[in-house]
Every structure is written in structure tokens, then in C-alpha cells.
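Read off the chains here:
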Amino acid sequence: GFMITVKRFTASWCAPCKMLAPVFKQMQQELPDVEFKTFDIDEHPQEALLETIRSVPTVLISNSDNGKTISLVGANSKTAYLNAMEAVKV
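We now turn to the structure provided with this report.

Quick notes on the rules
Residues numbered from 1 in each chain as written. Predicted model: local features only at pLDDT ≥ 70, side-chain atom pairs only at ≥ 80, totals over all residues. Heavy atoms only, no water. Salt bridge = Lys/Arg side-chain N within 4 Å of Asp/Glu carboxyl O. Helix = DSSP H or I, 4+ residues; strand = E, 2+ residues; numbered from the N terminus. Buried < 20%, exposed > 50% of the residue type's maximum accessible area, 1.4 Å probe, protein only. Phe/Tyr/Trp six-rings, centres within 6.5 Å; stacked < 30°, edge-to-face > 60°. Pairing = 2+ DSSP bridges. Axes fitted to C-alpha atoms, helices over the stretch in contact; angles between N-to-C directions. Contact = heavy atoms within 4.5 Å. Core = buried A, V, L, I, M, F, W, Y, C linked by side-chain atoms within 4.5 Å.

Digging into the pattern of salt bridges
- What the rule picks out here adds up to four salt bridges.
- With a shortest N-O distance of 3.1 Å, glutamate 47 and lysine 7 are connected by a salt bridge. Note that glutamate 47 is positioned in helix 2 (residues 45-50) and lysine 7 in strand 1 (residues 4-10), a separation of 40 residues in sequence.
- Residue glutamate 51 is joined to lysine 7 by a salt bridge in which the shortest nitrogen-to-oxygen separation is 2.9 Å. Here the residue glutamate 51 occupies a position in the loop between helix 2 and strand 3 (58-63), and lysine 7 occupies one in strand 1, the gap between them amounting to 44 residues.
- Classification of glutamate 51 as partly exposed rests on a relative accessible area of 26%.

Following this line, the structure appears as C-alpha cells:
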């Protein structure tokens, strides 16, 4: 299965979240070996609670092999997310 999982926490009322959407769509197409999941915090409050999400957008990048997770809060550059994906691999 997937080694790297990217969970994006978003909300319909969040402007920076809307800016992130196309970036994630692009990464999803470019990285078929990475699992992308999106959670609207209003629709999935239990998931947000479980991950202690305090603000949106928050992106959690996890490696199931080594248990490493990096949390990126706010709208970041595509490069920042790609770097985090590399960082959780080691």
C-alpha cells in the first residue's frame, strides 16, 4: 500500500484553503504513489479532534513505515510539502 499519506484539513469558509486546492490537485496527479486525503473539519469534526487540528489549513504528512509525521499549518508552497514528504522518508 501507500507509504506516505498526506491529510489535508480544510473548511469551506477558509480562503487560504481554497488557494491550496489546485496545488494539491497537481501533486495528486504528479505523485500516484502518495495517498492524499482531504477532510472538511465541519464535515469530519471527529477526525480533526483526533489529530488535534487547531486551525485550517493544516496538512499532516505521515510515513506508515517509520511512524514519522510532519504537520504544516497555513498555506505553504508546493515545495514545502514536497520537502516534508522527503523528510518523513528518512
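Things to note about the packing of aromatic side chains
- A complete count under the given rule lists three aromatic pairs for this structure.
- Note on phenylalanine 9 and phenylalanine 39: the rings are 5.3 Å apart at their centroids and 20 degrees apart in plane angle, and the pair reads as stacked. Separated by 30 residues along the polypeptide, phenylalanine 9 in strand 1 and phenylalanine 39 in strand 2 (residues 34-40) bring together distant segments of the chain.
- For phenylalanine 39, a relative accessible area of 12% translates into the label buried.

So, the sheet that holds strand 1
- One open sheet holds the four strands; their spatial order is 2-1-3-4, and the pairing between them is mixed. Both edges of this open sheet fall to strand 2 and strand 4 (69-73), since each of them pairs with a single strand only. Taking the axes of each pair of neighbouring strands and ignoring which way they run, one obtains an average angle of 15 degrees across the sheet.
- Relative to strand 4, strand 3 runs antiparallel, the two sharing five bridges. In the sheet register, leucine 60 faces strand 4, and the bridge partner there is serine 71.
- Contacts from helix 1 (residues 15-30) reach strand 1, strand 2 and strand 3, with the element oriented near 160 degrees to strand 1.
- Running over the sheet, helix 3 (residues 78-87) touches strand 1, strand 2, strand 3 and strand 4 and is turned about 165 degrees from strand 4.

Notes on the nonpolar core
- With 16 residues, the main nonpolar core has Val6, Phe24, Met27, Phe36, Ile61, Tyr81 and Met85 as its most contacted residues.
- Residue assignment for this core shows that the elements contributing at least two residues are strand 1, helix 1, strand 2, strand 3 and helix 3.
- Per element, the largest residue contribution to this core is four residues, and it comes from helix 1.
- Residues in contact with phenylalanine 24, not counting those within four places in the same chain, are Val6, Arg8, Phe36, Val59 and Tyr81.
- Phe9, Ala11, Cys14 and Ala48 belong to the second largest nonpolar core, which has 10 residues in total.

Here's the deal with the side chain of threonine 58
- With respect to the helices and strands, the residue threonine 58 is situated in strand 3.
- Overall, threonine 58 belongs to the buried group, its relative accessible area being 4%.
- Residues within four places of threonine 58 in sequence aside, it is in contact with Lys7, Arg8, Phe9, Ile53, Ser71, Leu72 and Val73.

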